[in-house]
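The residues making up each chain are set out below.
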Amino acid sequence: MLEGYSLLEVGGFFVLVIVALVVDLYAHKKDEAISIKSSVLWTIFWIFLAFVFAGYIWKAHSADDASLFIAGYLLEKSLSVDNLFVIMAIFANFAVKDEYQHRVLYFGILGAIIFRLIFVAGGTTLIALFGKWALLAFGIFILWSAWKMWQASKEDTHEIEDYNDHWSVRFTKKIFPVYDKLVGHNFFVREGGKLYVTPLFLCLVAVEVADVMFAFDSVPAIIAITQKTFLVYTSNIFAILGLRSMYFMLAAAKRYLCHLEKAVIVILVFIGIKMLIAVAGISHINPMVSLAIVVGLLILGVLASFIWPDKGQKCSE
């Protein structure tokens, strides 16, 4: 499962993640809205940390492994854009104030770290058990995901799902009694000797479930880039760690990224085809080439958003 990576490196990674989370929690211990300046600076910090880690992989292992890590990291980051839009809708549904959103996202990330480990372990185990057949299934699934995203992008209506009535929220309400209003940043409140969950906890549940559903697309896509468990998981987690700051930055800039989704669709098609031709034994694309294509397509998506802004509803709202 470690594929050349030591237990010391795995332990060092988790120590780094724990320290980063503690620093983040301390820096945002107050209930206050995250400013654009702060979100940009923290986004730069998380990206810098990921590339420092990639530098270590390059020096300690190989340039190819570092390229695979960066490609997986950038893919997860770009795929996360749609997931962040869903989170925006969830916060709007539950009327969560700006000053409490970071707390929800912080605990959402903690859950994502655990669930992603399960997903990555499950995906790599399937490959170990079924070999090329599992890779073939992943390749087809990735192409289907790209088709699904393309179909969704062509829809004229952009109705936002009512997450107050989401199945995960209804299920939680059957298990826990729900308090009728928000109580600061608390997820739980005790009244009359009885423990209640607050609407903020329901919001957290909806965010967590949204991430799990999102992982069904993102984890196979990264496994398509590399089957090395350590690289799949670390690239995934580094991308997730920066999602909170990226969320607040994207909330202000989302209307300018109209064509990024199209670039992500093309990337998924490329990765799906790359995996299928590798399974068929036709060709193996060099990791550095894959990285260059992923980066190039993302840059084109961003540039196209500024050069040819979409004046449609999806970008302006």
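Scroll up to find the structure this text is about.
Summarised in this report is the structure supplied together with it. Sequence positions are assigned chain by chain, starting from 1 and proceeding in written order. Local features in this predicted model are restricted to residues whose pLDDT is 70 or higher, and side-chain atom pairs enter the listing and the counts only when it is 80 or higher, whereas totals over whole chains, interfaces and linings include all residues. The basis for every side-chain value is the complete set of heavy atoms in the structure, and neither hydrogens nor water enter the calculation.

**Section: the pattern of salt bridges**
Rule in force here: Within this document, salt bridges are pairs made up of a side-chain nitrogen of Lys or Arg and a carboxyl oxygen of Asp or Glu, the two lying within 4 Å of each other. Numbering of helices and strands runs from the N terminus; a helix is a DSSP stretch of H or I covering at least four residues, while a strand is a stretch of E covering at least two. When a residue's accessible area, from a 1.4 Å probe over protein chains only, is under 20% of the maximum for its type it is buried; when over 50% it is exposed; and in between it is partly exposed.
If you walk through the whole model with that rule in mind, you get three salt bridges. Here Lys 228 and Asp 65 are joined by a salt bridge, their closest N and O atoms 2.9 Å apart. Taken together, the residues Lys 228 in the loop between α7 (199-225) and α8 (229-241) and Asp 65 in helix α3 (residues 63-93) connect sequence positions 163 residues apart. Residue Lys 228 is classed as partly exposed on the basis of its relative accessible area, which comes to 26%.

**Here's the deal with the packing of helix α1 (residues 7-27) against helix α2 (residues 36-60)**
Which entries qualify depends on this criterion: Working convention: axes come from line fits to C-alpha atoms, limited for helices to the stretch in contact. Angles between N-to-C directions cover 0 to 180 degrees. Comment on the angle field: the value is read as roughly parallel under 35 degrees, roughly antiparallel over 145, roughly perpendicular from 65 to 115, and oblique elsewhere. Put simply, a crossing is left-handed when the front helix is turned counterclockwise from the back one by less than a right angle, and right-handed when it is turned clockwise. Any two residues having at least one pair of non-hydrogen atoms within 4.5 Å are treated as being in contact.
Contact geometry of α1 with α2 gives a least axis separation of 13 Å together with a crossing angle of 170°. Classed by the angle they form, the pair α1 and α2 counts as roughly antiparallel. Remark: the crossing between α1 and α2 carries right-handed chirality. Across the interface between the two elements, Glu 9, Phe 13, Leu 16, Ala 20, Val 23, Asp 24 and Ala 27 of α1 pack against Trp 42, Trp 46, Leu 49, Phe 53, Tyr 56 and Ala 60 of α2.

**Observations regarding the packing of aromatic side chains**
Operational definition: Under the pairing criterion, centres of Phe, Tyr and Trp rings, with the six-membered ring standing for Trp, must be within 6.5 Å; the plane angle then separates stacked pairs below 30 degrees from edge-to-face pairs above 60, leaving the rest tilted.
Following the criterion strictly, the structure yields 22 aromatic pairs and no others. With centroids separated by 6.0 Å and ring planes inclined at 75°, the aromatic side chains of Phe 13 and Tyr 233 adopt a geometry described as edge-to-face. Of the two residues, Phe 13 sits in helix α1 while Tyr 233 sits in helix α8, which places them 220 residues apart along the sequence. Judged by centre distance (5.8 Å) and plane angle (65°), the rings of Tyr 179 and Tyr 196 are edge-to-face. Of this pair, Tyr 179 sits in the loop between α6 (167-175) and β1 (188-191) while Tyr 196 sits in strand β2 (residues 194-197), and the two are 17 residues apart along the sequence. Classification of Tyr 179 as buried rests on a relative accessible area of 14%. Through a chain of ring-to-ring contacts, three or more aromatic side chains come together here, namely Tyr 5, Phe 13, Phe 14, Phe 51, Phe 53, Tyr 56, Phe 69, Tyr 73, Phe 230, Tyr 233 and Phe 238.

**Overview of the pairing of β2**
We count it as follows: By the convention used here, strands pair only if DSSP detects at least 2 bridges between them.
The sheet contact formed by β1 and β2 spans four bridges and is antiparallel. Across the sheet, the residue bridging to Val 189 is Tyr 196, located in β2. Hairpin remark: β1 followed by β2, antiparallel, with two residues in the connecting loop; positive phi at Gly 192, about 60°.

Scope: geometric values only; no functional claims are made or implied.
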